[in-house]
Amino acid sequence: MVIPISKSRARSGKWNLHHMNEPLSPEDIVGVSIIKPLTGVDPNLKINLETFFTMKYPLYELLFSVENDNDPAILVVKSLIESYPNVDAKLFIGSRYVGPNGKINNMIKPYEASKHDIVLVSDSSIKMKENTLMQMMTCLKPDVGMVLQMPFCENRKGFASIYEKVYFGTMQARNCLSANLVGINCSTGMSCLMRKDILDQAGGMATFGKYLAEDYFFAEVFRKNNYRVVLCALPALQNSGSANIKDFNQRLVRWCKLRFAMLPHLMFLEPISECIIMGVCAALAFQYLFDFSPLAFFLLHVLVWFLLDYLLISMCEGGPFHITKFEFLAAWLLREFLVFYVFFQSQKSSLITWRNKHYRLQWGGLVEEVYREHSAV
């Protein structure tokens, strides 16, 4: 069972990832407004933001936003704007409350001030390659409304960083590539390029303030308007300056709660799609049907799954692989066993903590803020 499923994912990765399109001709260039919501700083923030000032795309603007004038990210942004005077860049200070989603509140002002018909929403931890924006724009065909980058990670030091990279290069990549192959919404908002006029028809950015998983509902708007949502060939390189296994698992728990609230059937389907649970079920089935040793079948299943995951993350890397086989094995095993912790924690309550704010999830993806430490400006 696992072999054909994994092979289809590997083929999808081979076809989609790091396959470069021809750059757009000058007459086909369309302007892009890049919205960068920021909260605080980390050691890699300036490095990440600077990559947006050096992109090889002729027509774009950078719109940075922070929630209040005490945010230390302001100094980083201002220094970069001074260093690159030829780049059209602006900083917006102060959010506007339109719903419980703080990220949406932080993006309202730059969204309304954007002057181009295409907007790119990009998280602060994303490190951009020089040709990424051009590659994303080559994917924006007339029937395409949204172009996504598959989440991945830049090479960083430390086992926690390896653990994150193995997660995004295996489990997340499997789901993202498979969903894209069959047209299922698996949107992630770390880096997404969208047609602004379609968002405006849906009520604009403010419409999505009532959700935490705004990226999923962005994609739903385009799908309902008969536009395709596609993947760019270049993954989104997350390059956070700090990595911690405990914090990352809390992030996974939050995502798991959101998925189950929006799509409750995943509560049953997602666990059995994992290597260990699927292997145990398949081994018992083979023993019952064919009197085959369940232990031998399970070990073979895990070996094949491990090898295909290694192949998949190598495809995601698209170049020299900087993780040793032992490091990959250790991080892979840790991820496979911690998945039980993530599932159990996600079922304990409907409360979510995100950026010092607390939310109660409701069915369908709506959220209610139950405590606010800071009021919006």
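Before going into details, it helps to say that this report is about the structure given with it. This one's a predicted model, so the numbers in the text were calculated from it and none came from an experiment.

**Section: the pattern of salt bridges**
At step 1: Taken as a whole and judged by the stated rule, the model has 17 salt bridges.
At step 2: The closest approach of N and O atoms between R335 and E274, which form a salt bridge, is 2.6 Å. With a gap of 61 residues between them, R335 in helix α14 (residues 325–346) and E274 in the loop between α11 (266–272) and α12 (275–290) connect regions that are remote in the sequence. One exposure class covers both R335 and E274, and it is buried.
At step 3: The network of salt bridges with common partners includes E61, D88, K90 and K115.

**What about the sheet that holds strand β5 (residues 126–127)?**
At step 1: On the basis of which strands lie adjacent, the open sheet formed by three strands has the order β5-β10-β7 and mixed pairing. Since the sheet does not close on itself, it has two edges, and those belong to β5 and β7 (151–153), each with one partner.

**Notes on a nonpolar patch on the surface**
At step 1: Residues F286, Y288, L289, F290 and F292 make up a contiguous nonpolar surface patch of roughly 610 Å² in combined accessible area.
At step 2: Position of Y288 relative to the elements: it lies in helix α12.

**Some points on the pairing of strand β12 (residues 357–361)**
The two faces of the sheet receive side chains in turn, since in a regular strand these alternate between them.
At step 1: Of the two faces of β12, only one is covered, namely that formed by K357, Y359 and L361; the face formed by H358 and R360 stays uncovered.
At step 2: Pairing between strand β11 (residues 351–354) and β12: four bridges, direction antiparallel. Each bridged residue has a counterpart across the sheet, and for I352 the counterpart in β12 is Y359.

**What to know about the packing of aromatic side chains**
At step 1: Applying the stated criterion across every chain, the model contains 18 aromatic pairs.
At step 2: Consider the rings of F260 and F343, whose centres lie 6.4 Å apart with planes at 15 degrees: the pair is stacked. With F260 in helix α10 (residues 245–262) and F343 in helix α14, the pair connects residues that are 83 residues apart, well separated along the chain. Both residues of the pair, F260 and F343, belong to the buried class.
At step 3: Positioned over the ring face of Y111 is K196, at 5.0 Å from the centre of the ring.

**Examining the sheet that holds strand β4 (residues 118–122)**
At step 1: With mixed pairing, seven strands are arranged side by side in an open sheet as β3-β2-β1-β4-β8-β6-β9. Two strands in the sheet have a free side with no partner beyond their single neighbour: β3 (89–93) and β9 (228–231). Here the average twist between neighbouring strands, direction ignored, is 20 degrees.
At step 2: Bridge analysis of strand β1 (residues 32–37) against β4 gives four bridges, and the strand direction is parallel. Following the sheet pairing, I34 is matched in β4 by L120.
At step 3: Strands in contact with helix α3 (residues 73–83) are β2 (60–66) and β3; relative to β3, the strand with the most contacts, it is inclined by about 160 degrees.

What counts and what doesn't
Residues numbered from 1 in each chain as written. Predicted model: local features only at pLDDT ≥ 70, side-chain atom pairs only at ≥ 80, totals over all residues. Heavy atoms only, no water. Salt bridge = Lys/Arg side-chain N within 4 Å of Asp/Glu carboxyl O. Helix = DSSP H or I, 4+ residues; strand = E, 2+ residues; numbered from the N terminus. Buried < 20%, exposed > 50% of the residue type's maximum accessible area, 1.4 Å probe, protein only. Pairing = 2+ DSSP bridges. Patch = residues over 30% accessible without salt bridge, like charges linked within 9 Å, V, L, I, M, F, W, Y side chains within 5 Å. Areas by Shrake-Rupley, 256 points an atom, 1.4 Å probe, with all protein chains shown as cover. Phe/Tyr/Trp six-rings, centres within 6.5 Å; stacked < 30°, edge-to-face > 60°. Lys NZ or Arg CZ within 6 Å of the ring centre and 35° of its normal. Axes fitted to C-alpha atoms, helices over the stretch in contact; angles between N-to-C directions. Contact = heavy atoms within 4.5 Å.

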